[in-house]
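Chains, contacts and geometry: an overview
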Amino acid sequence: MLLAVCLVFLVLAMLMGFFFGLGMLIFKLLYTLCIGLPIAICLVVLGIVFCITVIGIPIGSMLFRVAGFVLVPYR
């Protein structure tokens, strides 16, 4: 009886791990396509605008780094 309970628990734990991993993959794809990519594009364009002037280069560089983080925050 104990062996059957342990076996059922092991199978359920494996299934939960599989579905959790699948859900996280879908969430990461949706985040990257719907949220991360548009914001990253806006930040890169703004960074290019700031890098036109000498004074704005540090701010533009910071915006490029923030765009990279926004695109893939779960690294």
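Conventions used here
- Residues numbered from 1 in each chain as written.
- Predicted model: local features only at pLDDT ≥ 70, side-chain atom pairs only at ≥ 80, totals over all residues.
- Heavy atoms only, no water.
- Helix = DSSP H or I, 4+ residues; strand = E, 2+ residues; numbered from the N terminus.
- Buried < 20%, exposed > 50% of the residue type's maximum accessible area, 1.4 Å probe, protein only.
- Contact = heavy atoms within 4.5 Å.
- Expected span 1.5 Å × (residues − 1).
- Bend = angle between axes of the 7 residues up to and from the residue.
- Core = buried A, V, L, I, M, F, W, Y, C linked by side-chain atoms within 4.5 Å.
- Disulfide = S-S within 2.5 Å.

All right, on to the environment of Ile41 then. Mapped onto the elements, Ile41 comes out in helix H1 (residues 2-50). For Ile41 and Phe64, which are 23 residues apart along the polypeptide, the C-alpha to C-alpha distance reads 9.8 Å.

Take Val70: it is sitting in helix H2 (residues 57-71). A relative accessible area of 15% places Val70 in the buried class. In this structure Val70 touches Tyr31, Gly36, Ile39, Ala40 and Leu43, once residues within four positions along its chain are discounted.

So, about the environment of Gly56. By secondary structure assignment, the location of Gly56 is in the loop between H1 and H2. C-alpha separation for the pair Gly56 and Phe19, spaced 37 residues apart in sequence, amounts to 46 Å. Leave out the neighbours within four places in its chain, and Gly56 touches Phe50 and Cys51.

With 49 residues, H1 ought to run about 72 Å at 1.5 Å a step, and its terminal C-alpha atoms sit 66 Å apart, in line with that. Considering bend angle alone, the principal kink of H1 is centred on Gly36 and spans about 45°; proline Pro38 follows within four residues of it. Among all positions of H1, only Tyr31, Gly36, Ala40, Leu43 and Gly47 are buried. Looking at the packing, one finds that the buried side of H1 touches H2.

Residues Tyr31, Ala40, Leu43, Leu63, Ala67 and Val70 constitute the largest nonpolar core, which totals 6 residues. Secondary structure elements with two or more residues in this core: H1 and H2. Excluding residues that lie within four positions of it along the chain, Leu63 makes contacts with Leu43, Leu46, Gly47 and Phe50.

Moving on, we come to the state of the cysteines. Counted under the stated rule, the structure contains 0 disulfides. Of the cysteine sulfurs around Cys42, a residue in no disulfide, the closest is that of Cys34, at 14 Å. Among the residues examined, Cys42 registers a relative accessible area of 53% and is labelled exposed. Here Cys51 stays free of any disulfide, with the sulfur of Cys42 as its closest cysteine sulfur at 16 Å. Among the residues examined, Cys51 registers a relative accessible area of 28% and is labelled partly exposed.

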